[in-house]
Amino acid sequence: RKEVEQDPGPFNVPEGATVAFNCTYSNSASQSFFWYRQDCRKEPKLLMSVYSSGNEDGRFTAQLNRASQYISLLIRDSKLSDSATYLCVVNKNTGFQKLVFGTGTRLLVSP
Amino acid sequence: DGGITQSPKYLFRKEGQNVTLSCEQNLNHDAMYWYRQDPGQGLRLIYYSQIVNDFQKGDIAEGYSVSREKKESFPLTVTSAQKNPTAFYLCASSWSGNRPNTEAFFGQGTRLTVV
């Protein structure tokens, strides 16, 4: 079983739609969680950290469920510019940062 | 501006040659990392370094070597022993230690192609 698993997609949605991605992780000792965005042939960039209480940044909402070991990302009112691959990232925080990346979920927003 | 810089952006290598990818950061980060990304796959950790003059193997270190002689620099050498080196290589840096929710910052990547 992979340490971090995501549905690769692609998710094809029209502009204005709401879309949700889930990610599961296998190591219950994981302590930090992130969503990164990666555009085609570019480097990943941090979209948002995921906090235990859930957090929101504009149209983006991230949630963490430790009991079920999954993380979610909700995007409301999708824009064309949201088209990208979204990477779920988990960090064990065990003395050093070991970020474990999921394979990513591809989102395509169409007019 | 602070950031992390990788060079070159594109690199072509003949089979049997060693090549070195450059990674420099001016963020004053202690920790630096090298990842490899293949099409349709996630990032896989090659090597990481928490402090100058120290580095550790990641999940796929075979055929690669690194050095960390300066805090700012973490070059990666892809040796001829690496059987399938064509990939997108990403360097990252972060604060080290047990700080929760510490993000990693990435360079723009080097796309290596073996010809």
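Here is what the cut-offs are and how they apply
Residues numbered from 1 in each chain as written. Chains lettered and ligands numbered in written order. Predicted model: local features only at pLDDT ≥ 70, side-chain atom pairs only at ≥ 80, totals over all residues. Heavy atoms only, no water. Pairing = 2+ DSSP bridges. Helix = DSSP H or I, 4+ residues; strand = E, 2+ residues; numbered from the N terminus. Axes fitted to C-alpha atoms, helices over the stretch in contact; angles between N-to-C directions. Buried < 20%, exposed > 50% of the residue type's maximum accessible area, 1.4 Å probe, protein only. Lys, Arg positive; Asp, Glu negative; His and termini not counted. Salt bridge = Lys/Arg side-chain N within 4 Å of Asp/Glu carboxyl O. Polar contact = N/O pair within 3.5 Å; in protein donor to acceptor, adjacent residues only side chain to side chain. 1 Å grid on protein atoms, 1.4 Å probe; cavity = no way out; pocket = protein on both sides within 12 Å on 5 of 7 lines; lining within 4 Å. Points joined across faces, edges and corners; volume = space filled by probe spheres on them. Nonpolar A, V, L, I, M, F, W, Y, C, P; charged D, E, K, R; others polar.

S.K.: Mind showing me how you'd approach the sheet that holds strand β8 (residues 70-75) of chain A here?
M.R.: All names here are of chain A. Read across the open sheet, the five strands follow the order β1-β3-β8-β7-β6; overall the sheet is antiparallel. Because the sheet does not close on itself, it has two edges, and the strands there are β1 (4-6) and β6 (55-57). Averaged over all neighbouring strand pairs, the angle between strand axes comes to 20 degrees, with direction disregarded. Here strand β7 (residues 60-65) pairs with β8 via six bridges, running antiparallel. Each residue of the ladder has a partner; that of A62, found in β8, is L73.

S.K.: Even after reading the chapter, I still don't get the side chain of B:R68, so can you show me in this structure?
M.R.: All names here are of chain B. With respect to the helices and strands, R68 occurs in the loop between β7 (64-66) and β8 (76-78). No salt bridge forms around the buried R68; measuring N to O, its nearest opposite-charge neighbour D30 is 6.0 Å away. A distance of 2.7 Å separates a polar atom in the side chain of R68 from a polar atom in the side chain of S49. In this structure the side chain of R68 is engaged in a polar contact, spanning 2.8 Å, whose partner is the backbone oxygen of K71.

S.K.: Help me understand the environment of B:Y33, please; the structure alone is not making it clear to me.
M.R.: Residues and elements named next belong to chain B. Its place among the elements puts Y33 in strand β4 (residues 31-37). Each C-alpha atom of the pair Y33 and T77 lies 13 Å from the other, and the pair is 44 residues apart in sequence. For Y33, the side chain forms a polar contact with the side chain of S94, separated by 2.7 Å.

S.K.: Is there a simple way to explain the sheet that holds strand β3 (residues 19-25) of chain B in this structure?
M.R.: Picture the strands of a sheet paired through backbone hydrogen bonds; they go either parallel or antiparallel. Residue and element names in this part refer to chain B. Strand order across the open sheet formed by four strands is β1-β3-β8-β7, with antiparallel pairing between neighbours. On the outer flanks of this sheet lie β1 (4-7) and β7, each paired with one strand and no other. Looking at each pair of strands side by side, their axes are set apart by 20 degrees on average, direction ignored. Of the strand pairs in this sheet, β7 and β8 are connected by three bridges, and their pairing is antiparallel. Note on β8: the bridge partner recorded for V66 is L76.

S.K.: Would you mind showing me how to read empty space enclosed by the protein here?
M.R.: The gaps left among the atoms become clear once a water-sized probe is rolled over them. Residue and element names in this part refer to chain A. All chains considered together, the criterion is met by one cavity of 30 Å³ or more. Put simply, the largest cavity is a space of about 30 Å³. For the largest cavity, the full set of lining residues is E3, V4, Y25, N27, S30, V90, K92 and V100. Class assignment of the residues belonging to the lining of the largest cavity gives a composition of four nonpolar, two polar and two charged.

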